[in-house]
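Chain by chain, the residues run as shown.
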Amino acid sequence: MKKFVVLGVLFVLPLVAYLFFASGVHNFAKLPVLNEAVGNLESFESLRDEDVVFKGKITILGFLGNGIIDKQGNAFNLNQKIYKKNRGFKDFQFVMVLPFGSENAAKTLLSELDNITDVSEWKFVFGTPERIKNLFKSLNTPHKLDANLASNFVFIIDKNNSLRGRDGKIGKEKDVVFGYDASSVADLTNTMDDDVKVVLAEYRLALKKYKADRKEK
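Since we're looking at a predicted model, the values are computed, not measured.

(A) Looking closely at the overall build of the protein chain. Check the secondary structure of the protein chain and you find 5 helices and 8 strands. When its helices and strands are written in sequence order, the protein chain yields α-β-β-β-α-β-α-β-α-β-β-β-α. Counting every position in the protein chain, which comprises 217 residues, the buried fraction comes to 42%.

(B) Highlighting the pattern of salt bridges. On inspection of all chains with the given rule, the structure shows 10 salt bridges. Among the salt bridges present, the one from glutamate 50 reaches lysine 123, with a minimum N-O distance of 3.3 Å. Of the two residues, glutamate 50 is situated in the loop between β2 (45-46) and β3 (58-63) and lysine 123 in strand β5 (residues 122-127); the sequence distance between them amounts to 73 residues. Residue classification places lysine 123 among the buried residues on the basis of a relative accessible area of 10%. Shared partners join several salt bridges into a network, and the residues in it are Arg48, Glu50, Glu121 and Lys123.

(C) View of the pairing of β5. Most of β5 is tucked away, with 6 of its 6 residues classed as buried. Burial of the side chains of β5 extends over both faces: Trp122, Phe124 and Phe126 are buried on one face and Lys123, Val125 and Gly127 on the other. The handedness of the strand β4 (residues 92-99) to β5 crossover, carried by helix α3 (residues 103-114), is right-handed.

Quick notes on the rules
- As a convention, each chain's residues are numbered from 1 in the sequence order in which they are written.
- The predicted origin of the model limits local features to residues at a pLDDT of at least 70 and limits the giving and counting of side-chain atom pairs to 80 or more, whereas totals for whole chains, interfaces and linings rest on all residues.
- Heavy atoms from the whole structure form the basis of all side-chain values; hydrogens and water molecules are not counted.
- Numbering of helices and strands runs from the N terminus, with a helix taken as a DSSP run of H or I at least four residues long and a strand as a DSSP run of E at least two residues long.
- Only protein chains enter the accessibility calculation, which uses a 1.4 Å probe; a residue is then buried when its area is under 20% of its type maximum, exposed when over 50%, and partly exposed in between.
- When a carboxyl oxygen of Asp or Glu is within 4 Å of a side-chain nitrogen of Lys or Arg, the pair counts as a salt bridge.
- Think of it like this: strands point away, you trace from the first strand over the helix to the second, and a clockwise trace means the crossover is right-handed.

Written out as C-alpha coordinates, the structure is:
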(Lines give C-alpha, C1' and ligand atoms only; values in the text may rest on other atoms or scores of the structure.)
Protein backbone atom coordinates (compact mmCIF):
# COMPACT_ATOMS: atom_id res chain seq x y z
CA MET A 1 0.00 0.00 0.00
CA LYS A 2 2.85 2.30 0.92
CA LYS A 3 4.44 1.65 -2.47
CA PHE A 4 1.28 2.82 -4.25
CA VAL A 5 1.17 5.95 -2.11
CA VAL A 6 4.80 6.71 -2.90
CA LEU A 7 4.24 6.10 -6.60
CA GLY A 8 1.19 8.32 -6.50
CA VAL A 9 3.17 11.13 -4.90
CA LEU A 10 6.03 10.72 -7.40
CA PHE A 11 3.91 10.65 -10.54
CA VAL A 12 0.51 12.19 -9.80
CA LEU A 13 1.64 15.17 -7.74
CA PRO A 14 3.99 16.55 -10.41
CA LEU A 15 1.21 16.17 -13.00
CA VAL A 16 -1.24 18.07 -10.80
CA ALA A 17 1.38 20.78 -10.21
CA TYR A 18 2.00 21.06 -13.96
CA LEU A 19 -1.70 21.42 -14.71
CA PHE A 20 -2.03 24.05 -12.00
CA PHE A 21 0.81 26.17 -13.31
CA ALA A 22 -0.22 25.62 -16.92
CA SER A 23 -3.66 26.93 -16.01
CA GLY A 24 -2.01 29.92 -14.36
CA VAL A 25 0.06 30.66 -17.45
CA HIS A 26 -3.05 30.46 -19.60
CA ASN A 27 -4.97 32.84 -17.36
CA PHE A 28 -2.22 35.34 -16.67
CA ALA A 29 -0.20 35.30 -19.89
CA LYS A 30 -1.87 38.48 -21.16
CA LEU A 31 -2.75 41.74 -19.48
CA PRO A 32 -6.40 42.51 -20.27
CA VAL A 33 -7.32 44.99 -22.99
CA LEU A 34 -9.49 47.73 -21.48
CA ASN A 35 -9.92 49.98 -24.50
CA GLU A 36 -9.19 49.25 -28.15
CA ALA A 37 -9.78 52.80 -29.41
CA VAL A 38 -7.03 54.98 -27.93
CA GLY A 39 -6.29 58.09 -30.00
CA ASN A 40 -3.06 58.69 -31.90
CA LEU A 41 -0.24 61.24 -31.90
CA GLU A 42 -0.60 62.52 -35.45
CA SER A 43 -1.53 66.04 -34.32
CA PHE A 44 1.41 66.36 -31.90
CA GLU A 45 4.94 67.63 -32.50
CA SER A 46 7.95 65.90 -30.94
CA LEU A 47 10.84 67.49 -29.09
CA ARG A 48 13.45 65.82 -31.28
CA ASP A 49 11.60 66.38 -34.56
CA GLU A 50 10.96 62.65 -35.00
CA ASP A 51 7.88 60.61 -35.72
CA VAL A 52 6.42 59.35 -32.45
CA VAL A 53 3.63 56.79 -32.80
CA PHE A 54 1.86 54.18 -30.70
CA LYS A 55 1.53 51.64 -33.51
CA GLY A 56 4.13 48.89 -33.25
CA LYS A 57 5.37 50.14 -29.86
CA ILE A 58 4.72 49.28 -26.24
CA THR A 59 4.21 52.71 -24.74
CA ILE A 60 4.09 54.17 -21.27
CA LEU A 61 1.95 57.26 -21.80
CA GLY A 62 2.04 60.19 -19.37
CA PHE A 63 0.72 63.74 -19.17
CA LEU A 64 3.16 66.17 -17.54
CA GLY A 65 1.22 69.35 -18.28
CA ASN A 66 2.55 72.89 -18.31
CA GLY A 67 4.03 72.69 -14.81
CA ILE A 68 6.73 70.07 -15.33
CA ILE A 69 8.50 70.99 -12.12
CA ASP A 70 5.45 69.71 -10.20
CA LYS A 71 5.68 66.34 -11.98
CA GLN A 72 9.45 66.01 -12.00
CA GLY A 73 9.34 63.56 -9.10
CA ASN A 74 6.92 61.38 -11.08
CA ALA A 75 9.33 61.30 -14.02
CA PHE A 76 12.24 60.23 -11.80
CA ASN A 77 10.10 57.54 -10.16
CA LEU A 78 9.15 56.16 -13.57
CA ASN A 79 12.72 56.32 -14.79
CA GLN A 80 14.06 54.39 -11.81
CA LYS A 81 11.29 51.86 -11.29
CA ILE A 82 10.08 51.13 -14.82
CA TYR A 83 12.21 52.61 -17.61
CA LYS A 84 15.70 51.52 -16.50
CA LYS A 85 14.59 47.91 -16.06
CA ASN A 86 12.97 47.59 -19.48
CA ARG A 87 14.68 50.05 -21.86
CA GLY A 88 16.56 47.19 -23.51
CA PHE A 89 13.33 45.90 -25.03
CA LYS A 90 13.42 46.93 -28.69
CA ASP A 91 9.92 48.40 -29.04
CA PHE A 92 9.53 49.93 -25.58
CA GLN A 93 9.09 53.68 -25.20
CA PHE A 94 7.95 56.41 -22.83
CA VAL A 95 5.77 59.15 -24.33
CA MET A 96 5.14 62.28 -22.26
CA VAL A 97 2.49 64.72 -23.48
CA LEU A 98 2.81 68.45 -22.84
CA PRO A 99 1.27 71.69 -24.14
CA PHE A 100 3.12 73.95 -26.54
CA GLY A 101 5.38 76.34 -24.65
CA SER A 102 6.82 73.60 -22.40
CA GLU A 103 9.68 72.69 -24.75
CA ASN A 104 12.49 74.27 -22.73
CA ALA A 105 11.27 72.76 -19.48
CA ALA A 106 11.09 69.37 -21.19
CA LYS A 107 14.68 69.73 -22.42
CA THR A 108 15.83 70.50 -18.89
CA LEU A 109 14.05 67.46 -17.47
CA LEU A 110 15.40 65.23 -20.24
CA SER A 111 18.93 66.47 -19.54
CA GLU A 112 18.57 65.67 -15.84
CA LEU A 113 17.26 62.19 -16.61
CA ASP A 114 20.13 61.69 -19.05
CA ASN A 115 22.56 62.07 -16.15
CA ILE A 116 21.10 58.87 -14.74
CA THR A 117 20.54 56.66 -17.77
CA ASP A 118 20.23 56.62 -21.56
CA VAL A 119 17.01 58.47 -22.36
CA SER A 120 16.76 57.72 -26.08
CA GLU A 121 13.33 56.11 -25.58
CA TRP A 122 11.89 58.99 -23.58
CA LYS A 123 9.74 60.87 -26.10
CA PHE A 124 8.22 64.29 -25.41
CA VAL A 125 5.38 65.46 -27.63
CA PHE A 126 3.54 68.79 -27.66
CA GLY A 127 0.06 69.84 -28.65
CA THR A 128 -2.71 72.32 -28.02
CA PRO A 129 -4.80 72.03 -24.84
CA GLU A 130 -7.71 70.75 -26.90
CA ARG A 131 -5.66 68.00 -28.54
CA ILE A 132 -4.25 66.95 -25.19
CA LYS A 133 -7.72 66.76 -23.68
CA ASN A 134 -8.98 64.74 -26.63
CA LEU A 135 -6.12 62.25 -26.37
CA PHE A 136 -6.68 61.83 -22.65
CA LYS A 137 -10.43 61.45 -23.17
CA SER A 138 -9.82 58.71 -25.76
CA LEU A 139 -8.30 56.55 -23.01
CA ASN A 140 -11.81 56.31 -21.54
CA THR A 141 -10.74 56.05 -17.90
CA PRO A 142 -12.18 57.52 -14.69
CA HIS A 143 -9.03 59.62 -14.23
CA LYS A 144 -8.97 63.34 -14.99
CA LEU A 145 -6.46 65.93 -16.15
CA ASP A 146 -5.85 68.76 -13.70
CA ALA A 147 -5.93 72.48 -14.50
CA ASN A 148 -2.36 72.24 -15.85
CA LEU A 149 -3.27 69.45 -18.30
CA ALA A 150 -1.36 66.99 -16.14
CA SER A 151 -2.08 63.71 -14.37
CA ASN A 152 -0.21 61.58 -11.85
CA PHE A 153 -1.43 58.51 -13.71
CA VAL A 154 0.44 56.87 -16.57
CA PHE A 155 -0.96 54.26 -18.93
CA ILE A 156 0.22 51.16 -20.80
CA ILE A 157 -0.59 51.30 -24.53
CA ASP A 158 0.19 48.18 -26.56
CA LYS A 159 1.31 47.84 -30.17
CA ASN A 160 -2.27 47.96 -31.42
CA ASN A 161 -3.12 51.30 -29.78
CA SER A 162 -5.03 49.49 -27.03
CA LEU A 163 -5.08 50.41 -23.35
CA ARG A 164 -3.90 47.58 -21.10
CA GLY A 165 -4.58 47.18 -17.40
CA ARG A 166 -6.39 45.02 -14.86
CA ASP A 167 -10.07 44.26 -15.38
CA GLY A 168 -10.93 43.21 -11.84
CA LYS A 169 -11.42 39.58 -12.85
CA ILE A 170 -7.93 38.24 -12.12
CA GLY A 171 -7.19 36.53 -8.83
CA LYS A 172 -8.06 38.66 -5.81
CA GLU A 173 -8.06 41.91 -7.79
CA LYS A 174 -11.49 43.52 -7.45
CA ASP A 175 -10.79 46.97 -8.83
CA VAL A 176 -10.18 47.79 -12.48
CA VAL A 177 -6.70 49.31 -12.97
CA PHE A 178 -6.73 51.75 -15.87
CA GLY A 179 -3.53 53.58 -14.97
CA TYR A 180 -0.69 53.69 -12.46
CA ASP A 181 0.06 56.47 -10.00
CA ALA A 182 3.56 57.70 -10.83
CA SER A 183 3.68 59.71 -7.62
CA SER A 184 3.49 56.45 -5.66
CA VAL A 185 6.63 54.31 -5.61
CA ALA A 186 4.56 51.53 -4.06
CA ASP A 187 2.09 51.53 -6.97
CA LEU A 188 4.92 51.46 -9.52
CA THR A 189 6.79 48.71 -7.67
CA ASN A 190 3.90 46.49 -6.62
CA THR A 191 1.53 46.87 -9.58
CA MET A 192 2.91 48.58 -12.66
CA ASP A 193 6.25 46.76 -12.69
CA ASP A 194 4.44 43.41 -12.78
CA ASP A 195 2.01 44.52 -15.49
CA VAL A 196 4.75 45.88 -17.74
CA LYS A 197 6.62 42.58 -17.39
CA VAL A 198 3.49 40.67 -18.43
CA VAL A 199 3.01 42.79 -21.56
CA LEU A 200 6.67 42.55 -22.57
CA ALA A 201 6.68 38.79 -21.94
CA GLU A 202 3.60 38.46 -24.14
CA TYR A 203 5.38 40.06 -27.08
CA ARG A 204 8.60 38.14 -26.44
CA LEU A 205 6.65 34.88 -26.63
CA ALA A 206 4.86 36.05 -29.77
CA LEU A 207 8.21 36.90 -31.37
CA LYS A 208 9.68 33.51 -30.46
CA LYS A 209 6.65 31.75 -31.92
CA TYR A 210 6.92 33.81 -35.11
CA LYS A 211 10.62 32.90 -35.49
CA ALA A 212 9.90 29.23 -34.82
CA ASP A 213 7.11 29.23 -37.42
CA ARG A 214 9.44 30.86 -39.94
CA LYS A 215 12.07 28.16 -39.42
CA GLU A 216 9.52 25.42 -40.00
CA LYS A 217 8.45 26.85 -43.36
